[in-house]
Amino acid sequence: MKLLIAVMTVALAFPGAAQAVRFAVGVAPGTDASALARTLEARTGGSTSTIGPFAVALEAPSARGMAALRGVTYVERLTASRRVAFVPTDPFFSRQWYIPAVRAFEAWPFRPAWLRDVKVAIIDSGIDRYHPEFRDRIAAANTFVGGSAFSDKHGHGTFVAGLIAARLDTEGIAGMAFPAKLLVAKVVRSDGVVPLEAEARAIRWAADRGARVINLSLGGMRDPFDPNHDSYSPLEASAVEYAVRKGAVVVAAVGNGDQAREQPWKYASYPAALPHVLGVSALDRDGSVPMFSNRDDVYNDIAAPGEDLFSTLPRSLTALRPTCLEQGYSECGPPDFRRAQGTSFASAIVSAGAVLVRSTWPNLKADQIVAMMEQSAVDQTLATGCRRCTAERDALTGWGKLDVAAAVNWKGNLPLGDQFEPNDDAGARAARIKRRHSVKRRATIDFWNDQNDVYSVQLRKGERFRVALWGKATIEVNLVLWMPGTRRLDDIRSLTGRQAVTSENAGSREKVSYVAERSGRYYVHVKIAKPGADTYTLQLVRE
């Protein structure tokens, strides 16, 4: 395979530099690296660490004269790093502009054979099973709308599957997620409708079969101010929560506004607008956000290419244009696919990115993977081609454009994984606190992905209970204690008259004290009040 390598030349040392600089010092064969390290420290006043028997890392203001030491083969200043990327040999790869746009392959100089397989669920319209691009790529398939999961009359599922998992070989296109194994769930009826029950069953099926990433390139209208147009479904929400509880990264399109009263529509679709779902908007080649891509201040989390995309299609569809040479690919498909656009396909690209990050970091929790992808995204502004985008998070692109290489090569401390998630509601969904005198819990809260954390605690009548909450100054949180009988935080009837005590001080420190009026299970509700995200500590004391 070919390598694209950009090498930057740098000087070895700057005499008189006040700040320490890192150098790599080559160790000649037969030279004791530890002894050489001690010599380097003595000569420079710096510190060293052994990279391997072939090199020592030196941190010092200068490395002048060190190249002349016996046993040193070279001295290289480490202020710049190499950028490398492997280039697939698939002949249509040059038409897949979206792969280099998100730096999907720039984390490795060649295709890494050591990455673990990752199961990714495509909950869509099915797949062309016998397409050459999917040979040995499908782990399991099922249909939830009748017929066969291997029949895709619409083409949408096959297009999505190609973006994610087409084979890396010498034919056709390159799928971004080369470690992916597909779990194909067919949920689209022949009339193009996705029944909610089929979607929910498919999500559970995928989660039970070990899906580490679930792609939902589908959506329903959201309008929080018009219940007649809002398609929120508790069934869909509970299915997504089930998948999150099973450890899956759930990715969904924010929607194309095709059912909205106006474009661009200012609200993300469901299920993108559910807790712990990574909502994806679309970007054009020039960095702008297309008019069709829904906006959302809260639920639009990340952006990816969603215009002029090229992928696989069922050969039964492309055969309708028999004179077209690129059979099995979108160039030979119906007009809607020839220069395909949509947040559905942007979602697939982000799902593919999630597969690569999960494969690289297999021991991390789903919320850590999502945080790494969001925090490494490239902020979209006027400088990147988005005239309407603002600095940092915005309603058009969320945290910015997906950057796979940056997430894969994560630098610094890992995001904290929240072991109590999902605990976004009262009742059975709350995280239970064992009956002890004093309990501390450290967790995370996020205005955009995780606005509510709920903990349940059993109290006896007359028992005094104190709760203290503190976090970093970057977040504004409130604390509420709900009485027994509270079922759901969005159920006004179950909440009426059940608020035992509340603390809504400014900042990130709250505390409440309460004497239980009756025995039962109470709910400690931590709610983030303003945009922000961070960790917090919760202490619960019985007296």
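Residues numbered from 1 in each chain as written. Predicted model: local features only at pLDDT ≥ 70, side-chain atom pairs only at ≥ 80, totals over all residues. Heavy atoms only, no water.

(A) Layout of the sheet that holds strand 10 (residues 213-216). The strand order across the open sheet built from 7 strands is 8-9-7-10-11-12-13, with neighbouring strands paired in parallel fashion. Two strands lie at the open edges of the sheet, namely strand 8 (138-143) and strand 13 (302-305), each paired on one side alone. Taken over all neighbouring pairs, the strand axes of this sheet differ in orientation by 25° on average, direction set aside. Relative to strand 10, strand 7 (residues 118-124) is paired through 3 bridges, and the arrangement is parallel. The partner of Val 120 across the bridge, within strand 10, is Val 213. (Pairing = 2+ DSSP bridges. Helix = DSSP H or I, 4+ residues; strand = E, 2+ residues; numbered from the N terminus. Axes fitted to C-alpha atoms, helices over the stretch in contact; angles between N-to-C directions.)

(B) Main features of the pattern of salt bridges. Per the stated rule, a full pass over the model turns up 26 salt bridges. A salt bridge links Asp 208 to Arg 204, with the shortest nitrogen-to-oxygen separation between them at 3.4 Å. Of this pair, Asp 208 and Arg 204 both sit in helix 4 (residues 196-208), 4 residues apart, which is roughly one turn of that helix. With a shortest N-O distance of 3.5 Å, Lys 246 and Asp 208 are connected by a salt bridge. Taken as a pair, Lys 246 in the loop between helix 5 (234-245) and strand 11 (249-253) and Asp 208 in helix 4 lie far apart in primary sequence, 38 residues in all. When its relative accessible area of 36% is taken as the criterion, Asp 208 is described as partly exposed. (Salt bridge = Lys/Arg side-chain N within 4 Å of Asp/Glu carboxyl O. Buried < 20%, exposed > 50% of the residue type's maximum accessible area, 1.4 Å probe, protein only.)

(C) Highlighting the nonpolar core. Of all hydrophobic cores here, the largest spans 65 residues; its most connected members are Ile 164, Leu 182, Val 350 and Met 373. Examining the composition of this core, we find that 10 residues originate from one element, helix 8 (residues 343-360), more than from any other. Other than its neighbours up to four places away in sequence, Leu 182 contacts Val 120, Ile 122, Ile 127, Phe 134, Arg 137, Ile 138, Ala 139, Ala 140, Ala 161 and Ala 165. Counting 64 residues, the second-largest nonpolar core is a separate cluster that includes Trp 205, Ala 252, Ala 273 and Val 526. (Core = buried A, V, L, I, M, F, W, Y, C linked by side-chain atoms within 4.5 Å. Contact = heavy atoms within 4.5 Å.)

(D) A look at the sheet that holds strand 20 (residues 509-515). Here 4 strands make up an open sheet; going across it, the order is 15-22-17-20 and the pairing antiparallel. With one partner strand each, in any of the chains shown, strand 15 (438-446) and strand 20 form the two edges of the open sheet. For this sheet the average axis-to-axis angle between neighbouring strands, irrespective of direction, equals 15°.

(E) Seen up close, the packing of helix 4 against helix 5. Where helix 4 contacts helix 5, the two axes come as close as 9 Å, and the packing angle between them is 5°. When the interaxial angle is binned, helix 4 and helix 5 end up roughly parallel. In this structure, helix 4 contributes Leu 196, Glu 197, Glu 199, Ala 200, Ile 203, Arg 204, Ala 207 and Asp 208 to the contact, and helix 5 contributes Leu 235, Glu 236, Ala 239, Val 240, Tyr 242 and Ala 243. When the residues that make up the contact of helix 4 with helix 5 are grouped by side-chain class, the tally is 9 nonpolar, no polar and 5 charged. (Parallel < 35°, antiparallel > 145°, perpendicular 65-115°, else oblique. Nonpolar A, V, L, I, M, F, W, Y, C, P; charged D, E, K, R; others polar.)

(F) Spatial organisation of the confidence of the model for the protein. Of the residues in the protein, 94% have a pLDDT of 70 or more, and the chain-wide mean is 89. Within the model, the stretch residues 1-18 combines pLDDT values under 50 with 34 contacts to residues more than four positions away or in other chains. For residues 79-87, every residue scores under 50 in pLDDT, and the model assigns this stretch 39 contacts once sequence neighbours within four places are set aside. (pLDDT = per-residue confidence, 0-100.)

(G) Local environment of the state of the cysteines. For the structure shown, the criterion picks out 2 disulfides. In this model, Cys 324 is linked to Cys 332 through a disulfide, with the two sulfur atoms separated by 1.9 Å. Every disulfide takes its handedness from the sign of the S-S torsion; for Cys 324 and Cys 332 that torsion is -75°, giving left-handed. Given a relative accessible area of 13%, Cys 324 falls into the buried group. The side chain of Cys 386 participates in a disulfide bridge whose partner is Cys 389; the two sulfur atoms lie 2.0 Å from each other. The disulfide joining Cys 386 to Cys 389 has a torsion of about 70° about its S-S bond and is therefore right-handed. A residue is classified by how much of its surface remains accessible, and Cys 386, at 1% relative accessible area, is buried. For the protein, numbering the cysteines in disulfides from first to last along the sequence yields the connectivity 1-2, 3-4. (Disulfide = S-S within 2.5 Å.)

(H) Layout of the packing of aromatic side chains. With the rule as written, the count across this model stands at 13 aromatic pairs. Measuring from centroid to centroid gives 4.4 Å for Phe 159 and Phe 345, while their planes differ by 40°, and the two rings are tilted. Note that Phe 159 is positioned in helix 3 (residues 156-165) and Phe 345 in helix 8, a separation of 186 residues in sequence. On the numbers, 6.4 Å between centres and 50° between planes, the contact of Phe 225 with Tyr 267 is tilted. Within this pair, whereas Phe 225 is found in the loop between strand 10 and helix 5, its partner Tyr 267 is found in the loop between strand 11 and strand 12 (277-283), the two being separated by 42 residues in sequence. (Phe/Tyr/Trp six-rings, centres within 6.5 Å; stacked < 30°, edge-to-face > 60°.)

(I) Local environment of the side chain of Asp 152. Along the chain, the position of Asp 152 falls in the loop between strand 8 and helix 3. In this structure the side chain of Asp 152 is engaged in a polar contact, spanning 3.4 Å, whose partner is the backbone nitrogen of His 154. Apart from residues lying up to four places away in sequence, Asp 152 is in contact with Ser 125, Gly 126, Ile 127, Asp 128, Gly 157, Thr 158 and Pro 314. (Polar contact = N/O pair within 3.5 Å; in protein donor to acceptor, adjacent residues only side chain to side chain.)

(J) Quick look at the pairing of strand 4 (residues 55-60). Buried residues dominate strand 4, accounting for 5 of its 6 residues. As defined by bridge partners, strand 2 (residues 21-27) adjoins strand 4 across 6 bridges and the pair is classed as antiparallel. For Gly 26, the partnering residue across the bridge sits in strand 4 and is Ala 55.

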